[in-house]
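Listed here are the chains, written in short residue letters.
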Amino acid sequence: MKGLALEGGGAKGAFHIGALQVLFDRGIVFDAVTGTSIGALNGAMVAQGDFETLKKLWTNAAISKVADVGDAEFDKLMSGDYDRALIKYFVKKAREVISTRGMPIDKLKTLVDKYIDEDKLRASPVDYGLVTVSVSDGWLPLELFKEDIPRGQLKDFILASAYYPLFNRPEIGGKRFIDGGMYNNCPIAPLAGRGCTDIVAIRTGSKMPMRGVADKSVKVLYINPSESLGGTVDLRKSHVDYNIKLGYFDALRALDGLGGVKYYVEPMAVAEALHFVESLQDAVYSDIRDILRTKGSKRVVITEAISVAHEELGLSDGLGAEETLFAILEVAAAAHGVEKFRIYTTEEFLKATKAALDSPAKSGTETKSYEMAVAVLKRLNV
């Protein structure tokens, strides 16, 4: 059986949409779907067969559709464009939240009522589950599938999975609940418990708890964001659209084994990688020695460059030497505005990045990683 787990993260749930588009374009069919918080809402619409409607919902997302906040005021707030009127506006909103003992969820409830069809979801051949926490039962974590939830309360529990602490949270059956991300923000284990041995987990970069699967026979493909998805309430259209596109390309990376850390490059053969490293002229190593203020052989220089890149760029410990060196070049690509959302060959990426050095740098020029990238690119014969 094939399962899909969608991690919580509020507005970061836009990332799910781009990744799901790739999966469905490839004809992948899921037997079961689980989700936490926004993942529970997205997952419910996937399970009931309404992905196209879900996609439209996200492409038209706005803060005013889920909270009593004006879109223009919210955009100014997120952009840091403060003035006295804006401060006065949000002080008033804060007082309203305090007076109602939490942020009202009326608009979110209306959205769930409109787009979730309980009968359709229950009748779907796709299994569906969610995670929430019962505060009334001593903070009891609940991983529930649709048959575990009383008829007529399925929408309520989907909302309960997304009950942020700041929300004014209505009771369900006389009990209080809170966001399932407090316990398991990416519910992979419940899918394994239902017999799924092939699972796709679409993450949002959340720091909330996630419980993995101990059974080594269960195969899990993680689709991870290659950069921060921003804040959990950032529903500005430009931000949502960007995260949808990011989800699409990061899913391609996961499925097709694309190289690169933040960019997307066709897999580099070992021989090609070795040739690239060996082709670096002695002058390049001399340049990097000067940048790092170090001495030693080429091996020492490469080791030191990798160490600096990991520290400056926050790279994963499991990243190989070739990937790390490529990540250094990506710093220059990003600083000079090389198009991110396309798939390059190694040669195409190097040519595009070297050519872009003639344009002004946007940012990132204050690091040794950037200096090393420029030193390498200027001496490459591409």
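Below you will find a few notes about this structure. What you see is a predicted model, and the numbers here were worked out from it, not measured in a lab.

When helices and strands are tallied, the chain shows 16 helices and 9 strands. Dimensions along the principal axes, computed over C-alpha positions, put the chain at roughly 75 × 60 × 35 Å. Split into buried and exposed, the 382 residues of the chain put 47% on the buried side. Excluding contacts between residues fewer than 6 apart, the proportion of contacts in the chain whose partners are at least 24 apart in sequence is 69%. Accessible surface for the chain amounts to roughly 18400 Å². Of this, 53% is attributable to carbon and sulfur atoms.

If you trace the backbone, Glu330 turns up in helix α14 (residues 321-335). Polar side-chain contacts of Glu330 include one of 2.9 Å to the backbone nitrogen of Tyr263. Glu330 has contacts with Gly260, Val261, Lys262, Tyr263 and Phe349, leaving out every residue within four places of it along the chain.

Let's shift gears to the packing of helix α13 (residues 298-313) against α14. Across the interface, α13 lies against α14 with an axial gap of 10 Å and an inter-helix angle of 60 degrees. With respect to each other, α13 and α14 are oriented oblique. You can see that α13 and α14 cross each other, and the crossing is left-handed. Contacts between α13 and α14 involve Ala305, Ile306, Ala309, His310 and Leu313 from the first element and Ala321, Thr324, Ala327, Ile328 and Val331 from the second. Looking at the contact of α13 with α14, its residues break down into 8 nonpolar, 2 polar and no charged.

Tallied over the entire structure, the rule returns 10 aromatic pairs. Centroid distance Phe157 to Phe177: 5.3 Å. Interplanar angle 70 degrees. Geometry classified as edge-to-face. Of this pair, Phe157 sits in helix α8 (residues 154-161) while Phe177 is found in strand β5 (residues 177-179), placing the two residues 20 residues apart along the sequence. In this pair, the class of Phe157 matches that of Phe177, namely buried. Across the ring face of Phe145, the terminal group of Arg194 is positioned such that the distance to the ring centre comes to 3.9 Å. Lying over the aromatic face of Tyr263, Lys340 brings its terminal NZ or CZ to 5.9 Å of the ring centre.

With 15 residues, α14 extends 22 Å from end C-alpha to end C-alpha; this agrees with the ideal 21 Å at 1.5 Å per step. The buried fraction of α14 amounts to 11 of the 15 residues, a majority that puts the element mostly inside the structure. Positive backbone phi, at 75 degrees, marks Gly337, one or two positions downstream of α14.

For an α-helix, 3.6 residues make a turn, and residues three or four places apart therefore share a direction. With 6 of its 8 residues buried, α8 lies for the most part within the structure. Taken as a whole, α8 has its buried residues at Leu154, Phe157, Ile158, Leu159, Ala160 and Ser161.

This part is about unusual backbone geometry. Here Trp139, not a glycine, exhibits a phi torsion of approximately 60 degrees, which is positive. Mapped onto the fold, Trp139 is located in the loop between β3 (127-134) and β4 (140-145). Overall, Trp139 belongs to the partly exposed group, its relative accessible area being 46%. One non-glycine residue, Arg293, lies in positive phi territory at about 55 degrees. Residue position: Arg293 is located in the loop between α12 (282-292) and α13.

One can find Asp234 in the loop between β7 (219-223) and α10 (237-256). Only 2.6 Å separates the side chain of Asp234 from the side chain of Arg236, close enough to count as a polar contact. Once you skip the residues sitting within four places of it in the chain, Asp234 turns out to touch Ala11, Phe74, Met78, His239 and Val240.

Let us look at the nonpolar core. In this structure, Leu4, Trp58, Tyr128, Ile158 and Ile202 are the most contacted members of the largest nonpolar core, which totals 61 residues. Contacts of Ile158, omitting those with residues within four sequence positions, involve Ala40, Leu41, Ala44, Ile116, Leu121, Tyr128 and Leu130. The next biggest cluster of nonpolar side chains, apart from the first, holds 35 residues, and it includes Ala305, Leu315, Ala327 and Val374.

Burial within strand β1 (residues 2-6) is extensive, with 5 of its 5 residues counted as buried. Both faces of β1 are covered, namely the face carrying Lys2, Leu4 and Leu6 and the face carrying Gly3 and Ala5. The sheet contact formed by β1 and strand β6 (residues 198-202) spans 5 bridges and is parallel. Looking across to β6, one finds that Leu6 is bridged to Ile202. Sheet analysis places β1 next to strand β2 (residues 32-36), joined by 4 bridges and oriented parallel. Directly across from Ala5, in β2, lies its bridge partner Thr34. In terms of handedness, the path from β1 via helix α1 (residues 14-25) over to β2 forms a crossover that is right-handed.

Calculation notes
- Residues numbered from 1 in each chain as written.
- Predicted model: local features only at pLDDT ≥ 70, side-chain atom pairs only at ≥ 80, totals over all residues.
- Heavy atoms only, no water.
- Helix = DSSP H or I, 4+ residues; strand = E, 2+ residues; numbered from the N terminus.
- Buried < 20%, exposed > 50% of the residue type's maximum accessible area, 1.4 Å probe, protein only.
- Contact = heavy atoms within 4.5 Å.
- Areas by Shrake-Rupley, 256 points an atom, 1.4 Å probe, with all protein chains shown as cover.
- Polar contact = N/O pair within 3.5 Å; in protein donor to acceptor, adjacent residues only side chain to side chain.
- Axes fitted to C-alpha atoms, helices over the stretch in contact; angles between N-to-C directions.
- Parallel < 35°, antiparallel > 145°, perpendicular 65-115°, else oblique.
- Left-handed = near helix turned anticlockwise from the far one by under 90°.
- Nonpolar A, V, L, I, M, F, W, Y, C, P; charged D, E, K, R; others polar.
- Phe/Tyr/Trp six-rings, centres within 6.5 Å; stacked < 30°, edge-to-face > 60°.
- Lys NZ or Arg CZ within 6 Å of the ring centre and 35° of its normal.
- Expected span 1.5 Å × (residues − 1).
- Core = buried A, V, L, I, M, F, W, Y, C linked by side-chain atoms within 4.5 Å.
- Pairing = 2+ DSSP bridges.
- Right-handed = clockwise from strand over helix to strand, strands pointing away.

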